[in-house]
Amino acid sequence: MGSPFSSAPRANQRPVAAVVLAAGKGKRMRSSVPKVLHEVCGRPCLWHVVRAALAARPVSLSIVVAYERSEIEEADAGWALSIVPRFVDQGTPMGTGHAVLAAEDSTAGAADVLVLPGDEPLVTGEQVRGLMAMHRRRDVAAVAQTTVPDDPRGFARVIRDANGEFVRLAEGTDATAQQRALSEVATSVYAFRRDQLYEALPVVGRVNSQHEYYLPDVLGILHDKGERVAVQLVDNGGSVGANSRAELAKAAEVMRTRINRRHMDAGVTMIDPSQTYIDVDARVGPDTTVMPMTFLEGSTRVGRDCLIGPATRLVDARVGDGATVTFSVVRDARIGRGASVGPYASIRPGTVVEDDAKAGTFVEVKASRIRKGAKVPHLSYVGDADIGERANLGAGTVTANYDGFEKHRTVIGDEAHVGSDTMFVAPVRIGKRAWTGAGSTITRDVPDGALGVERAEQRNIRGYDKRVRGKHGQAKGEAPTKRSDRRTGRGTG
């Protein structure tokens, strides 16, 4: 599958320049992280916006920044964009109109300008393509994208005439009580003819409550000149923007619904989609069932016909066809075809659980390979180890891999049989079809087919109970009495 950021202009297409506004300080976030870098379903808000912008196949991409330029540039460097963005420093931000004006030089050569806010993660490539198609098909001066949110407070209201045609936008902070009663608001996604945009921007004033140059005022200026402005009304699930933690959570909720619907349409079963959390980059194969309270994060890939969950977290994991992972955490690890993990297992980075292998109940595995058909059924820690094919580790097996300075490996051969409560002090090697006795601490290699046993000889002390009871003045058959704690007077036992 190609990069989501692939972009190439179509032949005979009017060239478009994309401008993304990412200079907002994000005071309402109350965060040291730039507002546009807060994540929604595994990716920063700005990532979602840039991906949508590139759906218009722009000839240039400008990102307008101010306060946190270095952090934003560093994040962008890892996104493998098909167009190298130009970062435009707005200087001291004086509104969205001022931000777009700062990008004038970077849009040179384009016929149209697509403007998007860096904090609107719900804008999609499909929406952008529809916006630009409307702009060109109707041959209008501008198109404003609008939506109907659950809570329109603070957003620019759409003012229409008696025929329902666009007149202007009224900023939420400056709108009248009658205008604030309107429910349709702007998402701050716009398409403009470039020449008309940059003719109108110098006319925009700062006579408003925030003393800023409002980009939405351009639409009113164009309308008053007799130009037509179209409206693209979209359904964003009642959400608009991500200017606060609450708005961020709402946007994530809407995006999860979109993601889950896409997976279900592709053949994935979700028992309760409202309790299923899948990041935008995760992939799930058909006929897989995802149980409630499951998180598929990062670049996780799940194959066909798997059972994942409930209460399971996979982070950058690979899960083969037919595998089961339940009540467990798998991070940066690979689970093979038909393998079984959990319940209550922790599979840590660098681990490979091969086909038909098992890491069972209360098992922790780190930087190890559990080879085909091998089993670590329960209550074990396997770290820095190689477990051979069809080997079986008994309950309570521990690989003591750390000597306080370095990590050492344990190698257990094919078809080895490890008794319960065996501790391997690495480095140590257990041969093919070798055995260990239950309760052993193995510090030396065990040859192929041999039995390794390390135990002190058992002693049975006859009459022990009678002597202990006599020492404490109890007759035969009496229950032990609690000793009194001299400091508290409370019984202990």
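The rules behind each value
- Residues numbered from 1 in each chain as written.
- Predicted model: local features only at pLDDT ≥ 70, side-chain atom pairs only at ≥ 80, totals over all residues.
- Heavy atoms only, no water.
- Helix = DSSP H or I, 4+ residues; strand = E, 2+ residues; numbered from the N terminus.
- Rg over C-alpha atoms; globule rule 2.2 N^0.38 Å.
- Contact = heavy atoms within 4.5 Å.
- Areas by Shrake-Rupley, 256 points an atom, 1.4 Å probe, with all protein chains shown as cover.
- Lys, Arg positive; Asp, Glu negative; His and termini not counted.
- Charge placed at Lys NZ, Arg CZ, Asp CG, Glu CD.
- 1 Å grid on protein atoms, 1.4 Å probe; cavity = no way out; pocket = protein on both sides within 12 Å on 5 of 7 lines; lining within 4 Å.
- Points joined across faces, edges and corners; volume = space filled by probe spheres on them.
- Nonpolar A, V, L, I, M, F, W, Y, C, P; charged D, E, K, R; others polar.
- Salt bridge = Lys/Arg side-chain N within 4 Å of Asp/Glu carboxyl O.
- Buried < 20%, exposed > 50% of the residue type's maximum accessible area, 1.4 Å probe, protein only.
- Pairing = 2+ DSSP bridges.
- Phe/Tyr/Trp six-rings, centres within 6.5 Å; stacked < 30°, edge-to-face > 60°.
- Lys NZ or Arg CZ within 6 Å of the ring centre and 35° of its normal.
- Polar contact = N/O pair within 3.5 Å; in protein donor to acceptor, adjacent residues only side chain to side chain.

Trainee: Got a minute to help me understand the overall build of the chain in this structure?
Mentor: Within the chain one finds nine helices and 41 strands. Against the globule reference of 23 Å for 493 residues, the chain gives a C-alpha radius of gyration of 32 Å, more extended than a compact globule. Expressed as lengths along the three principal axes of its C-alpha atoms, the size of the chain is roughly 105 × 60 × 40 Å. If you take every contact in the chain between residues at least 6 apart in sequence, the share linking residues at least 24 apart comes to 43%. Accessible surface computed for the chain: about 24,200 Å², of which carbon and sulfur atoms make up 48%. Looking at charge distribution, the chain has the averaged site of its 67 positive side-chain charges lying 7 Å from that of its 59 negative ones.

Trainee: How should I be thinking about the layout of surface pockets in this particular structure?
Mentor: Once rolled over the atoms, a probe with the size of a water molecule shows which space is left empty. The volume enclosed by the largest pocket comes to roughly 1,400 Å³. Breaking the lining of the largest pocket down by element, the ones donating at least two residues are α3 (96–102), β10 (185–193) and α8 (245–265). Counting residues per element, the lining of the largest pocket draws most heavily on β10, which supplies four residues. Residues that form the lining of the largest pocket fall into these classes: 19 nonpolar, 16 polar and 13 charged.

Trainee: Just checking my understanding: could you explain the pattern of salt bridges for this structure?
Mentor: Pairs may arise between side chains of opposite charge once their charged atoms sit close together. Counted under the stated rule, the structure contains 24 salt bridges. Put simply, aspartate 119 and lysine 35 hold a salt bridge, and the shortest N to O gap is 2.9 Å. Placement of the pair is aspartate 119 in the loop between β6 (112–117) and α4 (125–137) and lysine 35 in the loop between β1 (16–21) and β2 (39–40), with a sequence separation of 84 residues. Taking relative accessible area as the criterion, aspartate 119 reaches 11% and is therefore assigned buried. A salt bridge links arginine 469 to aspartate 465, with the nearest nitrogen and oxygen atoms 3.0 Å apart. In this pair, arginine 469 and aspartate 465 are both assigned in helix α9 (residues 464–471), four residues apart and thus about one turn of the helix distant. Linked by salt bridges that have partners in common, Glu354, Arg369, Arg371 and Asp386 make up one network.

Trainee: I'm lost on unusual backbone geometry in this one. Help?
Mentor: Apart from glycine, the bulk of residues carry a negative phi angle, and the bulk of peptide bonds sit in the trans form. With an omega dihedral of 5°, the bond running from glycine 309 to proline 310 counts as a cis peptide bond. Relative to the elements of secondary structure, proline 310 occurs in the loop between β18 (307–308) and β19 (312–315). Positive phi, normally seen in glycine, also occurs at arginine 57, with a value near 55°. Structurally, the position occupied by arginine 57 is in the loop between α1 (45–54) and β4 (60–65). A relative accessible area of 29% means that arginine 57 is categorised as partly exposed. Of note in the backbone geometry, serine 188 takes a positive phi value of approximately 75° without being a glycine. Turning to its location among the elements, serine 188 is positioned in strand β10.

Trainee: Quick question: what am I supposed to make of the sheet that holds strand β36 (residues 428–430) here?
Mentor: Through backbone hydrogen bonds, the strands of a sheet pair up, either in parallel or in antiparallel fashion. Strands sit in the order β14-β17-β20-β23-β26-β28-β30-β33-β36 across an open sheet of nine strands; the sheet is parallel. Only two strands of the sheet have a single neighbouring strand rather than two, namely β14 (283–284) and β36. As paired strands, strand β26 (residues 352–353) and strand β28 (residues 369–370) are joined by two bridges and run parallel to one another. Note on β28: the bridge partner recorded for valine 352 is arginine 369.

Trainee: Explain the packing of aromatic side chains to me, please; I cannot follow it from the model alone.
Mentor: Aromatic ring pairs are defined here through the distance separating the ring centres and the angle between the ring planes. In this structure the tally under the stated criterion is four aromatic pairs. When the centroid spacing of 4.6 Å and the interplanar angle of 10° are considered together, the rings of tyrosine 277 and phenylalanine 295 count as stacked. Here the residue tyrosine 277 occupies a position in strand β13 (residues 276–278), and phenylalanine 295 occupies one in strand β16 (residues 294–297), the gap between them amounting to 18 residues. In this structure phenylalanine 295 comes out as partly exposed when scored by relative accessible area, which is 27%. Centroid distance tyrosine 344 to phenylalanine 362: 5.2 Å. Interplanar angle 15°. Geometry classified as stacked. Of this pair, tyrosine 344 sits in the loop between β24 (340–341) and β25 (346–347) while phenylalanine 362 sits in strand β27 (residues 358–366), and the two are 18 residues apart along the sequence. An aromatic cluster of at least three residues, connected via ring pairs, comprises Phe327, Tyr344 and Phe362. The lysine or arginine in question, lysine 25, covers the ring of tyrosine 67, its NZ or CZ lying 4.8 Å from the ring centre. In this structure, lysine 407 packs its charged tip against the face of tyrosine 402, placed 5.5 Å from the ring centre.

Trainee: Any chance you could explain the side chain of threonine 399 here in plain terms?
Mentor: Among the structural elements, threonine 399 can be located in strand β32 (residues 398–400). At 2.8 Å, the side chain of threonine 399 and the backbone nitrogen of glycine 383 are in polar contact. Excluding anything up to four places from it in sequence, threonine 399 contacts Tyr381, Val382, Gly383, Ala385, Thr410 and Phe424.

Trainee: Mind showing me how you'd approach the pairing of β27 here?
Mentor: Consecutive residues of a regular strand have side chains that alternate between opposite faces of the sheet. Across two bridges, the pairing between β24 and β27 is parallel. For serine 340, the partnering residue across the bridge sits in β27 and is lysine 358. In the sheet, β25 pairs with β27 via two bridges, with the strands oriented parallel. From the neighbouring strand, serine 346 faces β27, where its bridge partner is glutamate 364. Across seven bridges, the pairing between β27 and strand β29 (residues 375–383) is parallel. From the neighbouring strand, valine 363 faces β29, where its bridge partner is serine 380.

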